[in-house]
Every structure is written in C-alpha cells, then in structure tokens.
2 protein chains.
Amino acid sequence: MVLLAIRDDRLSLLLIRRASEPFRGCWALPGGFVLERESLDAAAARELAEEAGVTRVHLEPFGVYGDPDRDPRGRVISVGYVALVRADELVLQAATDADAAAWFPLDEPPALAFDHPRIVADARAHLRDALDREPVGAELLPESFSLAALQRVHEAVVGHAIDKRNFRRKVLAEGLVEAIEGELAGGAHRPAQLYRYAGRRGEAKREVGR
Amino acid sequence: MVLLAIRDDRLSLLLIRRASEPFRGCWALPGGFVLERESLDAAAARELAEEAGVTRVHLEPFGVYGDPDRDPRGRVISVGYVALVRADELVLQAATDADAAAWFPLDEPPALAFDHPRIVADARAHLRDALDREPVGAELLPESFSLAALQRVHEAVVGHAIDKRNFRRKVLAEGLVEAIEGELAGGAHRPAQLYRYAGRRGEAKREVGR
DNA sequence: CCAAAAGTGTTCGAAGTACACCCATGC
DNA sequence: GCATGGGTGTACTTCGAACACTTTTGG
C-alpha cells in the first residue's frame, strides 16, 4: 500500500519500520494478506482502516509483483494499491506503534526494503497518468482549499514546477473546481480565495465510441 | 491471457471452448497457474508457448482480478496479460484441441465465461493507452508491412476510423517507421509501399508490474 | 514600508482534425 | 475503362508553454 497524504504542504508517504528480519530496521510499505473470502479491494480497504483509521479513501490498484525471490522468506505475490487520504481524516491507530511508522516526502523516500522502491516508483507513475483523469486533489485536500494548495499537489505528483497562471486557467476551465465563500488568511500575506471540487464531473464529459 | 493477432486484416482474440463445468461450452480466455518458483511474467510466457507455440512476444500485465466469487470452484486470483503475436509466428499446439480454440474479432467477441468480458475490455483499454507509447504494430505485423495494414491495427485498437493522411503524417513524423525497398502487390489495385519499424527511439518504457 | 503569497492576459508554436482528388494496377 | 485501394497537402482549431507585474495582507 502506497499511502499518501499531504503533510506540511508536501505529498508524503507512510512507511513502517521493520521490527524483524529480513530488512530489520529498514523502512517498508505497509500491507497485509488477503483473507480467504475477501476481494483484493476489500483487503486493501481493511488494511488501510487498520493502519490509518480511514474509511473514505480513494484506493486504486496499479501493479502486481510476483517475482519468486522478492521476499526471502518465501513466495509472496503482492498487489500494489495507491491510497489517497485527507490529512484531517487520518488517525494512526494504536495497532501501529508510533515510532514504528513515519511519513516521508514522496520525492525523498529513505532506503526501502524488498522491491518497495520499484513499487513506490510505479505508484507515482500511475498517479501521474491518473492526474488529468481523476480529481486527485479532492482525495488529498480538505473540503475547501486554495488553488495554491491544489497546485502543490499537482507539482508533487508530476515532479516539477507548474506555471501558476497556466495551472489556474486549466483547472478552472475544466470546471472541476469552483470558488466558494470565504478566504484563507494564512499569514503575513494576502489571503487566498477558497475553492471546492464541483459536483459530479459528468457534466462536461462527452462519451467517445461505446 | 488476452492473446491478440491479426487474422484476415482484423485484430482477433484467441478463445478456448470450455470442456467442463462451470460454463461448459462457453468461450473463455486461455490461461493457467503460476508455478511455485516462477515469476508472473515467466508463467505468462510459458502458458503462451504452450498454447500458441510462440516465444518472441510482447507480454504486458494490465490488471488483477481477485473477487472471491469470480470462479465458483474456489478462490482464484488472476493477473491479466495482453500478448501481441505475429500471425506468421503462430502455431497452435497439439495440446490445444483444434476445435476447442478459435479466433474472434476483438470488436465482436462471443459470450464469455467468468468475469472474462471485463478482462477483455480492460485489456483493450490498456492497449489503447499504450498505443502511442509503444510500437504496438511491430508486435502484430510481419517484418515488412504497408501503412494501410498498420492503420487497420490502430483503428481496431482505438475502435474508430482514422483519417488516412493524418495517420501517415503522424507515424512518419514520429520516425518509428521507415520505408524499405519493395512493394506489396495485393490485388486489383495499385501496389503499396512497404515499411518496417526503425531501430528503437529513446522512448521511455514503463511496465505495470512484475 | 517591506516581505510574502495571491491574483491576472497575451503570445507563440505544436499537435490534432477536417477535408478531396489523382495514381497505379488487375481484370 | 472501371473498380479498387494507394498516395498526397492545406487550413483551422486546440492545447500547452513561456513570460512579469500588481494586489493584499501582517509585521
């Protein structure tokens, strides 16, 4: 599970410090096993609820990892999921030792156990592809947010700076986002207009083929 | 395994007629089980060699299917692979009963067993996305081919007609394809210039799982 | 008044889309 | 000579990229 949330304005990744061999002391992705009568999506949702105490999340599978030697303990086939959660809905559970779990910026992850570096890279690539198909920001930001915050999310996903004017024009033209009453006074500077995701995005969408 | 090849100028799909319950008599995708010490890619390649007698193929995973009720006999988790093979390299093996396997046009598949309709749809969507990232045609067509043949492949994948002039300009501008000596005299009409795929361009290639 | 972030338009090139006619061949 | 598919160019639109200054606030 590649569990992402915005922390301190950065897109960050939850990692678990391994308490036992192999890779003892290394950081690793959270995860777990699928139960006997459980779909993969349900397993991912259950794990997520256990680890992070969240239920309303965007969960999407992006790859399968089945090399027979990827886990020295034996054969494990993993399905990678990206989970986008709102920081304000996040409650790390008691089950997860406080000092055994930590957030890292997605762009600067620490050394990871197993084939997890590759899994993180794949997750990011998947997210990049999904960025202009799905309201990624809606899953990560609170109900109302400034366009600057949304832009930071997009920049973290694509990995480079985006021109402010181009970005604003684009998201507003898409109609995914709309201004709402209220401003966000954040500090020693001009307060920002607040926005929210507009109702269903089916409006401006045209169907192609069948 | 969604095994595709060009048959009679159409992009076609290999299906197996089920000999036993459940879904006896229905058409289904070919496939098999992963061995104990085998990667998923290796399993797919092995199955493909057994079913179709081909080894040089483009094989790519595109999805995982793990609903606990997808197979009434018990829990089966499947990884979907698209395989693109050249018709001239294809040899259906003795292992595959001649009348138990058949090709169907990808656009008009018959009723399928299990959740296979969805898998086929996903494979097609995946292929559509991959179309301008990867030399899909190179895997399906013989060494040399006419641009019209390549265009038919693309049209089958995207599901609608493409303007001839725009298509030719685009593939030639990309430099993926180059004219070679020779023409293809095909019938009661002007013979077509032959082309082949040019040496790899520095295209960023991305895989979905391993 | 200064620092810090918010907000705002125009121009350019690239890429895609629409569209109609002549060409070479076998019969 | 005619039917069949092969081959070619131009205009328009759309999208993304580059680019700099003014505004509002807190300190």
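Residues numbered from 1 in each chain as written. Chains lettered and ligands numbered in written order. Predicted model: local features only at pLDDT ≥ 70, side-chain atom pairs only at ≥ 80, totals over all residues. Heavy atoms only, no water.

A. The arrangement of the packing of helix H2 (residues 116-130) of chain A against helix H4 (residues 147-158) of chain A in detail. Residue and element names in this part refer to chain A. Relative orientation of the contacting elements H2 and H4 amounts to 130°, with a least axis distance of 8 Å. What the angle tells us is that H2 and H4 run oblique. Between H2 and H4 lies a crossing of left-handed hand. The segment H2 lies against H4, with Arg124, Leu127 and Arg128 engaging Ala156, Val157 and Val158. (Axes fitted to C-alpha atoms, helices over the stretch in contact; angles between N-to-C directions. Helix = DSSP H or I, 4+ residues; strand = E, 2+ residues; numbered from the N terminus. Parallel < 35°, antiparallel > 145°, perpendicular 65-115°, else oblique. Left-handed = near helix turned anticlockwise from the far one by under 90°. Contact = heavy atoms within 4.5 Å.)

B. Layout of the domain arrangement of chain A. All names here are of chain A. Each assigned domain of chain A is listed here: domain 1 (2-117) and domain 2 (136-197). Between domain 1 and domain 2, the C-alpha centre-to-centre distance is 27 Å. In this complex, domain 1 contributes 12 residues to the contact, which on the side of domain 2 involves 11 residues. When the two sides are added together, the surface that domain 1 and domain 2 hide from each other amounts to roughly 940 Å², 59% of it contributed by carbon and sulfur. (Domains from an automatic or database assignment. Buried area = accessible area lost by both parts, 1.4 Å probe.)

C. View of the sheet that holds strand E8 (residues 177-184) of chain A. Residue and element names in this part refer to chain A. Strand order in the open sheet formed by 3 strands is E7-E9-E8, and the pairing between neighbours is antiparallel. Among the strands making up the open sheet, the edge pair consists of strand E7 (145-146) and E8. In terms of strand pairing, E8 meets strand E9 (residues 192-197) through 5 bridges, oriented antiparallel. Each residue of the ladder has a partner; that of Val177, found in E9, is Tyr197. (Pairing = 2+ DSSP bridges.)

D. Representation of the interface of chain B and chain A. Contacts between chain B and chain A engage 21 residues on the former and 22 residues on the latter. Across the chain B-chain A interface, the total number found is 2 salt bridges. Between Asp69 of chain A and Arg37 of chain B there is a salt bridge, and its shortest N-O distance comes to 2.7 Å. Applying the counting rule to chain B against chain A returns 8 residue pairs in polar contact (both at pLDDT 80 or more). Class assignment for the residues of the side of chain B that touches chain A results in 9 nonpolar, 3 polar and 9 charged. (Salt bridge = Lys/Arg side-chain N within 4 Å of Asp/Glu carboxyl O. Polar contact = N/O pair within 3.5 Å; in protein donor to acceptor, adjacent residues only side chain to side chain. Nonpolar A, V, L, I, M, F, W, Y, C, P; charged D, E, K, R; others polar.)

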